[in-house]
Amino acid sequence: MNEPKKKINGMNGIAARRCACPANETGQPKSKLGLFSGLLLVLTLAFCMIPLILMLMDSLKSSGDLMTLNLNLGAPLSLKNYASVFAATGFLSSLTNSVIVAILVTALTVICGATAAYSFTRFTSVGTRPLSNAILICRMIPSVVMGIPMYIVGQRLGLQDTYFMLVIAITTFALPFQIWMLIGFYAQIPKSLDESARIDGCSYYQAFWHIVTPSAAPGLSATAIMTFFFSWNELFFALIFCGNRTKTAPLTIMEFMGYRTFDWGAILAAGVILMVPTLLVGLVFKRYMVSGLTAGAVKG
Amino acid sequence: VKSRKPASKLYRSERYAPYVFLAPTALLFLMIFLFPILFVVCSSFVNWNLLKPTAGISFVGFRNFENLLTSPKTWMAIQNTFVFSLVSVPLSMIFGMLLALAVDKLNRIRNSVEAALLIPMMVAPISIYLSFRFMFDPTYGIVNKLLSLIGLTGPGWFSSTDTAMMTVIIVELWRVIPFVYIVMYAALKTLPNDVFEAVRVDGANGVQTFWWITMPMLKPTLLVTAIIRLMDAIRAFDNIYVLTRGGPANATKTIQYLCYELAFGGFSIGKGSALAIIIVLIILITGMGLIRMMNRANTELV
């Protein structure tokens, strides 16, 4: 799964095969990028990039320049929208709330996920397939099913508008998928590794902590990144549980478009700000992100 | 623990190890699974509105389900959800797969294309929904401005009942085509090399190789990805909330959104729970069928 980007020997993968032996490929269809594939690539790349570039450009223009009937390409660019977004009441605190919630959810999920995956891959005799099917079914439960009871309980216990409620709600929803991913990663760690540790006198807890967890670090990182993204983008539970105190960034942005006319310049600037943290995490941990995205679906 | 070791001190202290490791998850699972499902099942049979606290909670039998299933609004939402899922999932699978094959053929610029296609997965979907909402704005959006340059009058996109669902699907494709591509591309890289050597020696062309060799080997991955995508599509909420709020005239209202409206807009817990049960049933029926298909594909391959 976590294979390095460039493979030197062409043992696995058709991509690597061509790099390894470009000389003896004479007139093979796959060596040429056909007209169709080329067109598809250009169009998809444009489709993927244009909304992002437009958003970045438009966020630098004033709303007055944006709300015109012509294209207005020469509109002056400035950072005024960003200044007004940061000056808006509650925006900075909602960013902080989002960071706190995302980190807490990630920590909780990694702890529960790692112990569960260890247990599922080491102790159960049923095998991982029925188990991962069960978890896959858990993942299908729509969030309203959890939202309604949790809302009632939160209201009765006075837990509305607390980090606790939001973190628990997002964790319970994120956990099945993260366990599903982690089972894949933990199953790849050879059992002989912790068996030999056991023979050397380790307890299960020691084997888990000192032997298996360090080997599972790439998988845990991948899971952690996915969870961070998930809770950063979470909207449903935030809508239900957040009050003024714990309001997360997506909610504040939605409020920008709440009343009267839309201040599109500010809305787009806020959108760009919301993209930054996950973009940074994604670019720094690109490799883990790819393995996180593909985990569970691709048997590495 | 199955091993039959003598009851040493170490063994005794470790007898509960499996349960200790499972405890945090088991606790959370009770919270997500048993408690909420039992709660929702029970509350689907009562009349309970949080806005009318004096009315209290009264048992009404199947009346919530009856009301929902006879209401055209529910059927509209079910239809919208199916249109959204059955158009966006196959299209994203096809384009994602083709994209993976195309990127795999690149040589020099492959790394930069790979990096560019990862970016959509790194940005917050909500930001992108906002960007699309402005792009498709009927008067100020760039799409209609460009169309008017070539003398066409653009449609209302999100604000017209005819085009709203289509526009929501376009936005969904933006978000999921890169995801399908990443998964399929990773799966493509794990395929064994010698099979491709063999068919090349046998003189198969590109299309034949894809149809008879690549596709069957990718089938398990394709199915898992399709299941994940379908489940997420049936539960679509965020995109609807940010892009259209279910409008115009319920044209994009999905079941999950309708359920949110019932339970947290009107605070009618009974009706919301009943609809939640209906959603779970729809998801389970579709999901089980696909999972059975996936398991069969896995067995064939092994």
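Residues numbered from 1 in each chain as written. Chains lettered and ligands numbered in written order. Predicted model: local features only at pLDDT ≥ 70, side-chain atom pairs only at ≥ 80, totals over all residues. Heavy atoms only, no water.

**What to know about the overall build of chain B**
So, step 1. Looking only at helices and strands, chain B has 13 helices and two strands in total.
So, step 2. A compact globule built from 302 residues should have a C-alpha radius of gyration of about 19 Å, whereas chain B, at 25 Å, is more than 25% larger.
So, step 3. Projected onto the principal axes, the alpha-carbon positions of chain B cover approximately 85 × 80 × 30 Å.
So, step 4. Sorting the 302 residues of chain B into buried and exposed places 55% on the buried side.
So, step 5. Considering only contacts within chain B whose residues lie at least 6 apart along the sequence, 65% involve residues at least 24 apart. (Helix = DSSP H or I, 4+ residues; strand = E, 2+ residues; numbered from the N terminus. Rg over C-alpha atoms; globule rule 2.2 N^0.38 Å. Buried < 20%, exposed > 50% of the residue type's maximum accessible area, 1.4 Å probe, protein only. Contact = heavy atoms within 4.5 Å.)

**As for the overall build of chain A**
So, step 1. Within chain A, the secondary structure is distributed over 15 helices and zero strands.
So, step 2. Residues classed as buried in chain A amount to 55% of the 300 residues present.
So, step 3. Residue pairs in contact within chain A that sit at least 24 positions apart in sequence constitute 75% of those at least 6 positions apart.
So, step 4. Here chain A has roughly 13,000 Å² of accessible surface; of this, 68% comes from carbon and sulfur atoms. (Areas by Shrake-Rupley, 256 points an atom, 1.4 Å probe, with all protein chains shown as cover.)

**Some points on empty space enclosed by the protein**
So, step 1. Applying the stated criterion to the full structure yields four cavities of 30 Å³ or more.
So, step 2. In terms of lining, the largest cavity is formed by 41 residues, of which the most central are A:R139, A:F230, B:P125, B:R175 and B:D232.
So, step 3. Taken together, the elements giving at least two residues each to the lining of the largest cavity come down to α8 (163-188), α11 (217-233) and α15 (286-294) of chain A together with α5 (110-122), α6 (125-135), α8 (164-189), α10 (206-234) and α11 (238-243) of chain B.
So, step 4. For the lining of the largest cavity, the class distribution of residues is 26 nonpolar, seven polar and eight charged. (1 Å grid on protein atoms, 1.4 Å probe; cavity = no way out; pocket = protein on both sides within 12 Å on 5 of 7 lines; lining within 4 Å. Points joined across faces, edges and corners; volume = space filled by probe spheres on them. Nonpolar A, V, L, I, M, F, W, Y, C, P; charged D, E, K, R; others polar.)

**Regarding the environment of A:S94**
Residue and element names in this part refer to chain A.
So, step 1. Relative to the helices and strands, S94 resides in helix α5 (residues 91-122).
So, step 2. For S94, a relative accessible area of 1% translates into the label buried.
So, step 3. For S94 and L182, which are 88 residues apart along the polypeptide, the C-alpha to C-alpha distance reads 31 Å.
So, step 4. With residues near it in sequence (within four places) discarded, S94 still touches K247, T248, A249 and T252.
So, step 5. Of the polar contacts made by the side chain of S94, one reaches the backbone oxygen of F91; its length is 2.7 Å. (Polar contact = N/O pair within 3.5 Å; in protein donor to acceptor, adjacent residues only side chain to side chain.)

**Observations regarding the confidence of the model for chain A**
Residues and elements named next belong to chain A.
So, step 1. Mean pLDDT over chain A works out to 79, with 83% of the residues at or above the 70 mark.
So, step 2. For chain A, per-element mean pLDDT is lowest for helix α1 (residues 14-20), which scores 41, and highest for helix α12 (residues 236-241), which scores 90.
So, step 3. Note that pLDDT drops below 50 for residues 1-31; the model gives that stretch 56 contacts with residues more than four away or on any other chain. (pLDDT = per-residue confidence, 0-100.)

**Considerations on the interface of chain A and chain B**
So, step 1. If you look at the interface, chain A gives 114 residues, while chain B gives 120 residues.
So, step 2. For the pair chain A and chain B, the number of links is eight residue pairs in polar contact (both at pLDDT 80 or more).
So, step 3. With 14 residues, the top contributor of residues to the side of chain A that touches chain B is helix α2 (residues 35-58) of chain A.
So, step 4. When the residues that make up the side of chain A that touches chain B are grouped by side-chain class, the tally is 73 nonpolar, 25 polar and 16 charged.

**Some words on the packing of helix α9 (residues 191-199) of chain A against helix α10 (residues 204-215) of chain A**
In a pair of packed helices, the angle between the axes and the distance between the axes together describe the arrangement.
Residues and elements named next belong to chain A.
So, step 1. Interhelical geometry of α9 versus α10 gives an angle of 145 degrees and a closest axis separation of 10 Å. Remark: the crossing between α9 and α10 carries right-handed chirality. Residues L193, D194, A197 and R198 of α9 form the contact with α10, whose participating residues are Y204, A207, I211, V212 and S215.
So, step 2. By residue class, the composition of the contact of α9 with α10 is six nonpolar, one polar and two charged. (Axes fitted to C-alpha atoms, helices over the stretch in contact; angles between N-to-C directions. Left-handed = near helix turned anticlockwise from the far one by under 90°.)

**Brief notes about the environment of B:Q208**
Residues and elements named next belong to chain B.
So, step 1. Take Q208: it is sitting in helix α10.
So, step 2. Judged by relative accessible area, Q208 falls into the partly exposed class, the value being 39%.
So, step 3. What Q208 contacts, discounting residues up to four positions off in sequence, is G203 and I213.

**Examining the nonpolar core**
So, step 1. Core analysis: the biggest nonpolar cluster contains 196 residues, and A:Y118, A:Y186, A:F237, A:F241, A:M289, B:Y241 and B:F264 have the highest contact counts within it.
So, step 2. Look past the residues within four positions of A:F241 in its chain and what remains in contact with it is A:G147, A:M150, A:Y151, A:Q160, A:D161, A:M165, A:L166, A:A169 and A:T246. (Core = buried A, V, L, I, M, F, W, Y, C linked by side-chain atoms within 4.5 Å.)

**Focus: the side chain of A:T294**
So, step 1. Looking at the secondary structure, you find A:T294 in helix α15.
So, step 2. Overall, A:T294 belongs to the buried group, its relative accessible area being 3%.
So, step 3. A polar contact is formed between the side chain of A:T294 and the backbone oxygen of A:S291, at a distance of 3.4 Å.
So, step 4. When neighbours within four sequence positions are excluded, A:T294 is seen to be in contact with B:I182, B:V183 and B:A186.

**Re the packing of aromatic side chains**
So, step 1. Enumeration according to the criterion identifies 32 aromatic pairs over all chains in this entry.
So, step 2. Judged by centre distance (5.8 Å) and plane angle (80 degrees), the rings of A:F86 and A:F91 are edge-to-face.
So, step 3. Taking the relative accessible area as the measure of exposure, A:F91 reaches 1% and is therefore buried.
So, step 4. Summarising the aromatic geometry, the rings of B:F39 and B:W48 are spaced 6.3 Å apart at their centres and angled 35 degrees between planes, so their arrangement reads as tilted. Comparing B:F39 with B:W48, the two get one shared label, buried.
So, step 5. The structure contains a cluster of three or more aromatic residues connected by ring pairs, namely A:Y151, A:F173, A:F230, A:F236, A:F237, A:F241, B:F237, B:Y241, B:Y257, B:Y260, B:F264 and B:F267.
So, step 6. Above the face of the A:Y288 ring, A:R287 is positioned so that its terminal group lies 5.2 Å from the ring centre. (Phe/Tyr/Trp six-rings, centres within 6.5 Å; stacked < 30°, edge-to-face > 60°. Lys NZ or Arg CZ within 6 Å of the ring centre and 35° of its normal.)

**Quick look at the pattern of salt bridges**
All names here are of chain B.
So, step 1. Taken as a whole, this structure holds ten salt bridges over all chains when the rule is applied.
So, step 2. In this structure, E114 engages R110 in a salt bridge whose closest nitrogen and oxygen atoms are separated by 3.8 Å. Taken together, the residues span about one helical turn, with E114 and R110 both in helix α5 at a distance of four residues.
So, step 3. Taking the shortest distance from any N to any O, the salt bridge between E172 and R229 comes out at 2.8 Å. Separated by 57 residues along the polypeptide, E172 in helix α8 and R229 in helix α10 bring together distant segments of the chain.
So, step 4. Its relative accessible area of 3% is what places R229 among the buried residues.
So, step 5. Three or more residues are tied together by salt bridges with common partners; here these are E172, R175, R229, D232 and R235. (Salt bridge = Lys/Arg side-chain N within 4 Å of Asp/Glu carboxyl O.)

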